[in-house]
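Fold and contact review
Chain by chain, the residues run as shown.
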Amino acid sequence: MSALRQDLGWTQFQLAEYSNLDIAVISQIERGVKKFFEPELLFSLANAFQLTTLERREFIFAASGLDEKQIVRQPTEIVATDVFDVQKILERMIALVGEIRLPAFLGDVYSDVIAANHMMLAFYDISPSMIEDAGKIPGGYNTTRLNFGRESVGRTQVTDRWHEYALNSMRAFRANTLRYRAWPYFKYLMKTFRNPVEYPFFDRYWKLVSSMEQDNDVSIDHFAYQHKKFGSLDYIASTATALTSFGNLFLVQNLPLDQHTEDMFDQLKLQAGLGVVRFAPWPEKPMP
């Protein structure tokens, strides 16, 4: 909770005032003294933080105190489940990415790209050198590098409406990571992304989405902009979620909304072909 409060630049006193809660309660929560959270307390905090519908769900999950292994269905003698067989799920999802005939990638809760198909790599014009160097750079596998890193890969492709594009990307990163703000890997990423030399655009957009008023209640983002190479594009980034005992996996694919975009994706399929390239490790998250 302290991470959400600090995102908004609030003191504990201000959070107590905005949520209409006693400051002693805020202090107890942040120190880990208070373990049980009444529904009204969670409701007041979610309202004070201005959480979107998707963020509220993640916030409540985090407040439950249950870890990933407890949230998913538990196997028994008569019920089989694959959610604990992470390698089986991972291989199945990666295979799907390679078979999809649209630009697609597989990401995790931190927005690390675990795998991307050839069409998606061609869509973003990812160079072989960037692929080779990704594992050597902090945050190199993350979509945040593409959109907010100093290479400005995403920004060079989007010739107009970049601001809306960037907000969509950052909003997804904020919502998906909300449950993991206290985890070491999230803290590592945030320290990395707040380096203004390597990620000059990150802090601005992180602060913007931390105080946005519009709601986001569906995991579909609409993108309509002028692409440097492909012209006017109109598509949605649709997400299919795989639930595992190590957190969710997100299969994101770009679905065309007009004929021109569909034609461009067909060209990508002919030029790049099918297939998949693996990137970030999962579920292990090594840190320097």
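My aim in this report is to walk through the structure given alongside it, one point at a time. For clarity, every value in this text was computed on a predicted model and none was experimentally measured.

Examining the pairing of strand 2 (residues 113-117)
Among the five residues of strand 2, five are classified as buried, and the element is accordingly described as predominantly covered. With three bridges joining them, strand 1 (residues 104-108) and strand 2 adopt antiparallel strand pairing. In the strand pairing of strand 2, Phe105 is matched with Ala116. Across three bridges, the pairing between strand 2 and strand 6 (residues 276-278) is antiparallel. Each bridged residue has a counterpart across the sheet, and for Ala116 the counterpart in strand 6 is Val277.

A short note on the pattern of salt bridges
Enumeration according to the criterion identifies 14 salt bridges in this entry. Put simply, Arg5 and Glu30 hold a salt bridge, and the shortest N to O gap is 2.7 Å. Highlighted residues: Arg5 in helix 1 (residues 2-7) and Glu30 in helix 3 (residues 23-30), separated in sequence by 25 residues. By relative accessible area, Arg5 is classed as buried at 10%. According to the relative accessible area criterion, Glu30 is partly exposed, its value standing at 23%. The salt bridge partner of Asp112 is Lys285, with a shortest N-O separation of 2.9 Å. On the criterion of sequence distance, the pair formed by Asp112 in the loop between strand 1 and strand 2 and Lys285 in the segment after strand 6 is long-range, its members being 173 residues apart. As far as burial versus exposure is concerned, Asp112 and Lys285 are alike and both buried.

Let's talk about the pairing of strand 4 (residues 231-242)
Pairing of strand 3 (residues 220-227) with strand 4 involves eight bridges; the strand directions are antiparallel. Opposite His222, over in strand 4, you have Ile236 as the bridge partner. Between the end of strand 3 and the start of strand 4, which pair antiparallel, lie three residues. Here eight bridges tie strand 4 to strand 5 (residues 249-256), and the two strands are oriented antiparallel to one another. Counterpart to Thr239 in the pairing with strand 5 is Val252. Between the end of strand 4 and the start of strand 5, which pair antiparallel, lie six residues, with Gly247 showing a positive phi angle near 100°.

Here's the deal with the sheet that holds strand 6
Read across the sheet, six strands follow the order 3-4-5-1-2-6 without closing on themselves; strand pairing throughout is antiparallel. Edge strands, defined here as strands with exactly one partner in the open sheet, are strand 3 and strand 6. Between one strand and the next, the sheet's axes are offset by a mean angle of 20°, whatever the strand orientation. Sheet strands in contact with helix 15 (residues 259-272) are strand 4 and strand 5, and its direction is about 70° off that of strand 4.

Notes on helix 13 (residues 184-193)
Most of helix 13 sits inside the fold, with seven of its ten residues counted as buried. Buried residues along helix 13 sit against helix 10 (143-148), helix 12 (162-177) and helix 14 (202-210).

What about the nonpolar core?
By size, the foremost hydrophobic cluster in this structure holds 62 residues, and its most contacted members are Leu106, Phe123, Phe202 and Leu249. Among the nonpolar cores identified, the runner-up in size contains 17 residues, and Leu15, Leu45, Ala48 and Leu51 belong to it.

Definitions and limits used
- Counting restarts for each chain: residues are numbered from 1 in the order of the written sequence.
- Predicted model: local features are reported for residues with pLDDT of at least 70 only, side-chain atom pairs are reported and counted for 80 or more only, and whole-chain, interface and lining totals are derived from all residues.
- Heavy atoms from the whole structure form the basis of all side-chain values; hydrogens and water molecules are not counted.
- When accessible area is computed with a 1.4 Å probe and restricted to protein chains, residues below 20% of their type maximum are described as buried, those above 50% as exposed, and intermediate ones as partly exposed.
- Secondary structure is summarised from DSSP: a helix means a run of H or I of at least four residues, a strand means a run of E of at least two, and numbering begins at the N terminus for each.
- Should DSSP find at least two bridges between two strands, the strands are regarded as paired.
- Note on definitions: salt bridges are taken to be side-chain nitrogens of Lys or Arg within 4 Å of carboxyl oxygens of Asp or Glu.
- Axis lines are fitted to C-alpha atoms, over the contacting stretch for helices. Their N-to-C directions set the angle, which ranges from 0 to 180 degrees.
- Any two residues having at least one pair of non-hydrogen atoms within 4.5 Å are treated as being in contact.
- Side-chain atoms within 4.5 Å are what join buried Ala, Val, Leu, Ile, Met, Phe, Trp, Tyr and Cys residues into a set we call a nonpolar core.

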